[in-house]
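So the chains spell out like this:
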Amino acid sequence: MWLFGKKKEELLIWQNLIMQDSPNKLVMTEKQLKQATEQQASNDLRIIQDCIRIISETVKPDIFFSRMDLLKEKSKRLIEFEKYIKFSGASPTNAFQEVLDNEQDAIYQFISRCFNVDFEKAESMKTEKGKMNQFQKFYDNLQPDMNRMDEKNRKYIEWHYNHSVSKNSCTD
């Protein structure tokens, strides 16, 4: 009886992981839980792939950082599923570590894309004031998320901003 109670308790924990508003009693069989977990993992993997695509393409800080957060959230969730289902390919634990290890590189690439877009806009401006405003916009748009960046990325932003402003202020 104790073993059955322990198994039921584990299944209830599993159910609570899968169901948003899980009742305090077991309503799914182990087979149903496995199917639900596999479906949720499939959905989370689709979202993760979408996040990775958007993170590698966007030039909007709010979209970039919200998708980075969603990528980490869904990756963590897959780690919880590892106990219950098998994954083909990289384990969620290893994949999540890779996300963390590559986060600052992704931010660096994002900053570079943002600067290139803003630099092109600035170059199309007719007045020096317009160009300076565009460089200021680049800098200001990234300020709210500076705390999420390592020193290298903060310096990269500062360098682009200062270099662009000083270069354009010399042409007055």
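Structure: see above.
Residues numbered from 1 in each chain as written. Predicted model: local features only at pLDDT ≥ 70, side-chain atom pairs only at ≥ 80, totals over all residues. Heavy atoms only, no water.

## Brief notes about helix α2 (residues 30-57)
Helix length check: α2, at 28 residues, gives a terminal C-alpha distance of 40 Å against a target of 40 Å (1.5 Å per residue), a fit within 8%. Those residues of α2 not exposed but buried are Leu33, Ala36, Thr37, Ala41, Asp44, Ile48, Cys51, Ile54 and Ile55. (Helix = DSSP H or I, 4+ residues; strand = E, 2+ residues; numbered from the N terminus. Expected span 1.5 Å × (residues − 1). Buried < 20%, exposed > 50% of the residue type's maximum accessible area, 1.4 Å probe, protein only.)

## Quick notes on the packing of aromatic side chains
A full pass over the atoms with the stated rule returns nine aromatic pairs. Plain terms: the ring middles of phenylalanine 64 and phenylalanine 65 are 4.9 Å apart, the flat faces sit at 80° to each other, and that makes the pair edge-to-face. Here the two residues phenylalanine 64 and phenylalanine 65 agree in accessibility, since each one is buried. Seen in terms of ring centroids, phenylalanine 115 and phenylalanine 138 are 5.4 Å apart; in terms of plane orientation they differ by 75°. Their pairing is edge-to-face. Remark: phenylalanine 138 occurs in helix α5 (residues 128-142) and phenylalanine 115 occurs in helix α4 (residues 92-124); sequence separation between them is 23 residues. A relative accessible area of 1% means that phenylalanine 138 is categorised as buried. Pairwise contacts between aromatic rings join Phe115, Phe119, Phe135 and Phe138 into one cluster. (Phe/Tyr/Trp six-rings, centres within 6.5 Å; stacked < 30°, edge-to-face > 60°.)

## Brief notes about the pattern of salt bridges
One pass over the full model with this rule turns up ten salt bridges. Here glutamate 128 ties to lysine 131 by a salt bridge, and the two come within 3.9 Å at their closest N and O atoms. With glutamate 128 and lysine 131 both in helix α5, this residue pair falls three residues apart, about one helical turn. You can call glutamate 128 partly exposed: its relative accessible area is 23%. Given the relative accessible area of 13%, lysine 131 is considered buried. Two residues, arginine 154 and glutamate 151, come together in a salt bridge whose shortest N-O distance is 2.8 Å. Residue arginine 154 and its partner glutamate 151 are both found in helix α6 (residues 151-169); the two are separated by three residues, about one turn of the helix. (Salt bridge = Lys/Arg side-chain N within 4 Å of Asp/Glu carboxyl O.)

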